[in-house]
Amino acid sequence: MGEELVDHPGVAAWDPLRIVIDVRDTGCTGYEVADALRRGSDVHVELATHATIVLVLGIRQPVTALDRFAHDLAVELELIRRPGAASAILQPAAAMRPDVVVAPREAFLGDAERLEVDAAVGRVSAEAIAGYPPGIPALLPGERITAEVVEYLRELATAGARLHGASDPEFRTVTVLRGD
């Protein structure tokens, strides 16, 4: 991604000290590639998403360091590459049009209980959960929990995203308002 994308929808500026690498054609997620780089080559990326890894460069980053990274990336991808492309995980439309049935503050501070995720569908969330990255909440306190949002959060967790704000990071349970 380069400066040519500035002023396109959703792009306000370009940071030449960040390199974004789309890894979908490797058949792996960005989480898997980042993990392989960390374990195999002691390379730590700034950010991994389902589809990308992001590197941060120093102002006077020597070209030799970038050459070493390119070599390390090629070596690690050779070990983990799978046929095909990783499919995108998209936030469901239901998450973009939440059914808010209780004020967020009331839901967050209300009498709550933990339920198995599948049993919580149709109930009112008492917690906020955002897959990170991208960090956009998929569920907020006061919203009715839908099967689509549950599936999306499961996909993110399975792919390696961190579920920020979740009382159960493994997403086996979720906190809901008691008796809603």
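None of the values given here were measured: they were computed from a predicted structure.

A few words on the nonpolar core. Residues V33, L37, I53, I129, L153 and V174 are the most contacted members of the largest nonpolar core, which totals 33 residues. Counting residues per element, the ones that place at least two in this core are α1 (30-41), β3 (52-56), α2 (63-80), α5 (117-120), β6 (137-139), α6 (147-159) and β8 (173-177). The greatest single-element share of this core, amounting to six residues, is contributed by α6. Leaving out residues up to four positions away in the same chain, L37 has contacts with D42, V43, V45, I53, F69, D72, L73 and E76.

As a further point, take the sheet that holds β6. To summarise the sheet geometry, strands pair through backbone hydrogen bonds and adopt either a parallel or an antiparallel arrangement. Reading across the sheet, the three strands line up as β6-β5-β7 and stay open at both edges, with antiparallel pairing between neighbours. Each having just a single partner strand, β6 and β7 (162-164) make up the two edges of the open sheet. Within the sheet, the average angular offset between the axes of one strand and its neighbour, ignoring direction, is 40°. Bridging between strand β5 (residues 129-132) and β6 involves two bridges; their strand directions are antiparallel. Its bridge partner lying in β6, A130 is registered against P137.

Quick look at the side chain of T175 now. You can see T175 is positioned in strand β8. A distance of 3.1 Å separates polar atoms of two side chains, one belonging to T175 and the other to S167. Apart from residues lying up to four places away in sequence, T175 is in contact with A112, E113, R114, V124, S125, A126, E127 and S167.

Moving on, we come to the environment of L177. Here L177 is to be found in strand β8. Distance in space between the C-alpha atoms of L177 and V124 is 5.7 Å, their sequence separation being 53 residues.

You can see V75 is positioned in helix α2. Of the residues examined, V75 reaches a relative accessible area of 38% and is grouped as partly exposed. C-alpha separation for the pair V75 and A36, spaced 39 residues apart in sequence, amounts to 9.8 Å.

Parameters and conventions
- Residues numbered from 1 in each chain as written.
- Predicted model: local features only at pLDDT ≥ 70, side-chain atom pairs only at ≥ 80, totals over all residues.
- Heavy atoms only, no water.
- Core = buried A, V, L, I, M, F, W, Y, C linked by side-chain atoms within 4.5 Å.
- Buried < 20%, exposed > 50% of the residue type's maximum accessible area, 1.4 Å probe, protein only.
- Helix = DSSP H or I, 4+ residues; strand = E, 2+ residues; numbered from the N terminus.
- Contact = heavy atoms within 4.5 Å.
- Pairing = 2+ DSSP bridges.
- Axes fitted to C-alpha atoms, helices over the stretch in contact; angles between N-to-C directions.
- Polar contact = N/O pair within 3.5 Å; in protein donor to acceptor, adjacent residues only side chain to side chain.

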